[in-house]
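# Architecture at a glance
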Amino acid sequence: QVQVVESGGGLVQAGGSLRLSCVVSGRAFRVFAMGWFRQVPGKEREIVADINHSGDTANYADSVKGRFAISRDNAKNTVYLQMASLKPEDTGVYYCNADGWYSSGTYQSGEHWGQGTQVTVSS
């Protein structure tokens, strides 16, 4: 019943920018936190950024602070990840998590994930 669809990935040169989008349907979007994760083959999926239900607070992995920005538009049931100054190490499949919450300020993944969108940064 819950559908999560990411888009916006692609191939970009180092230093370039991309904007990822995630559209969620089938849930009361505005009551849930959202997160962006990325995964490289053979490695654990890692959190990149998360945002609370209202969009007034966000957290970022140290590796992307100052370069990435997460935002949401609850009227459109959409969360975004603006990615700038991209580095080759940003390469991976980016996944949107649709129904997160917080435990002691730490994002907890919900059960619904998108299919992922590939981001490749060339050097």
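In the block above lies the structure referred to throughout.
Okay, so let's go over this structure. (Residues numbered from 1 in each chain as written. Predicted model: local features only at pLDDT ≥ 70, side-chain atom pairs only at ≥ 80, totals over all residues. Heavy atoms only, no water.)

## Regarding the state of the cysteines
Among covalent bonds in proteins, the disulfide is the one between the sulfur atoms of two cysteines. Convention followed: When two cysteine sulfur atoms are found within 2.5 Å, that pair is recorded as a disulfide. Counting from the N terminus, the helices are DSSP H or I runs at least four residues long and the strands are E runs at least two residues long. Residue exposure (1.4 Å probe, protein chains only): buried if accessible area is under 20% of the type maximum, exposed if over 50%, otherwise partly exposed.
As enumerated under the stated definition, the model contains one disulfide in all. At a sulfur-sulfur separation of 2.1 Å, the disulfide partner of C22 is C96. The S-S bond linking C22 to C96 shows a torsion near -85°; that makes this disulfide left-handed. Taken as a pair, C22 in strand β3 (residues 18-25) and C96 in strand β9 (residues 92-103) lie far apart in primary sequence, 74 residues in all. Residue C96 is classed as buried on the basis of its relative accessible area of 0%.

## Regarding the sheet that holds strand β1 (residues 3-7)
We count it as follows: Whether two strands pair depends on DSSP finding at least two bridges between them. Orientation is described by axes fitted as lines to C-alpha atoms, over the contacting stretch for helices, and by angles from 0 to 180 degrees between their N-to-C directions.
Taking strand neighbours across the sheet as the criterion, the four strands line up as β1-β3-β8-β7 in an open arrangement whose pairing is antiparallel. Either end of the sheet is taken by a strand with one partner, and the two such strands are β1 and β7 (68-73). Neighbour-to-neighbour, the strand axes of this sheet turn through a mean angle of 15°, independent of strand direction.

## As for the pairing of β3
In this sheet, β3 lies alongside β1 in antiparallel orientation, the contact comprising five bridges. Bridged to S7 within β3 is S21. Summarising the sheet, β3 and strand β8 (residues 78-83) pair through six bridges and their orientation is antiparallel. Each bridged residue has a counterpart across the sheet, and for V23 the counterpart in β8 is T78.

## Some points on unusual backbone geometry
One non-glycine residue with positive phi stands out, namely N77, at about 55°. By relative accessible area, which is 24% here, N77 ends up partly exposed. Residues other than glycine seldom take positive phi values, yet S85 does so here, at roughly 50°. For S85, the position within the fold is in the loop between β8 and β9. Given the relative accessible area of 40%, S85 is considered partly exposed.

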